[in-house]
Amino acid sequence: MVFTILLLIANRLLEKKFPGFYRRIELPCLLLASGLIAAYCGLLLYGVYDVLNSGVSTEDKVLFTIFIVCVVAVYSVILTFSWKEYRKGQKTG
């Protein structure tokens, strides 16, 4: 999670300091981020599947599942807003 926050801060700094360079690398970075987030969330969901099929207590299964669903939701929202911002930037030129 800390790595994601650092990437978002770096993203904003690049956008403010070097807008021309930022526009050239924005799409490849979004594509890379989408792939990494998809892979990471897939592994998290496999972890949920693994925990649900293990001998862990029901309370722990529920807590872990809720936590992972929240993490996946946060990543999905971040990615959605990033793509919306990119599309809005493309429309305005």
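As the structure is a computational prediction, the values presented were derived from the model and not from experiment. (Residues numbered from 1 in each chain as written. Predicted model: local features only at pLDDT ≥ 70, side-chain atom pairs only at ≥ 80, totals over all residues. Heavy atoms only, no water.)

Peer 1: I'd like to hear about the nonpolar core, residue by residue, with values.
Peer 2: Among the nonpolar cores identified, the biggest contains nine residues, and these are Ile-37, Cys-41, Leu-44, Val-48, Ile-68, Val-71, Val-72, Tyr-75 and Leu-79. Going through the elements one at a time, helix 2 (19-52) and helix 3 (58-92) are the ones with two or more residues in this core. Broken down by element, this core gets its largest block of residues, five residues, from helix 3. (Core = buried A, V, L, I, M, F, W, Y, C linked by side-chain atoms within 4.5 Å. Buried < 20%, exposed > 50% of the residue type's maximum accessible area, 1.4 Å probe, protein only. Helix = DSSP H or I, 4+ residues; strand = E, 2+ residues; numbered from the N terminus.)

Peer 1: Now, about the packing of aromatic side chains: what can you tell me, with residues and values included?
Peer 2: Under the definition given, this model contains three aromatic pairs. Between Tyr-40 and Tyr-75, the ring centres sit 5.5 Å apart and the planes meet at 80°, which makes this aromatic pair edge-to-face. With Tyr-40 in helix 2 and Tyr-75 in helix 3, the pair connects residues that are 35 residues apart, well separated along the chain. Tyr-40 sits in the partly exposed class, given a relative accessible area of 40%. Looking at Tyr-75, the relative accessible area reads 7%, which means it is buried. Between Tyr-46 and Tyr-49 the ring centres are 6.1 Å apart and the planes differ by 35°, which places this aromatic pair in the tilted class. A residue pair is termed a helical-turn pair when its members lie 3 or 4 positions apart in one helix, as Tyr-46 and Tyr-49 do in helix 2 at three residues. When its relative accessible area of 52% is taken as the criterion, Tyr-46 is described as exposed. (Phe/Tyr/Trp six-rings, centres within 6.5 Å; stacked < 30°, edge-to-face > 60°.)

Peer 1: Go over the side chain of Lys-61 with me, naming the residues and quoting the values.
Peer 2: Within the secondary structure, Lys-61 sits in helix 3. No salt bridge is formed by the buried Lys-61; the nearest opposite charge belongs to Asp-60, separated by 9.7 Å. For Lys-61, the side chain forms a polar contact with the main-chain oxygen of Ser-54, separated by 3.1 Å. Residues in contact with Lys-61, not counting those within four places in the same chain, are Val-51, Leu-52, Ser-54 and Val-56. (Lys, Arg positive; Asp, Glu negative; His and termini not counted. Salt bridge = Lys/Arg side-chain N within 4 Å of Asp/Glu carboxyl O. Polar contact = N/O pair within 3.5 Å; in protein donor to acceptor, adjacent residues only side chain to side chain. Contact = heavy atoms within 4.5 Å.)

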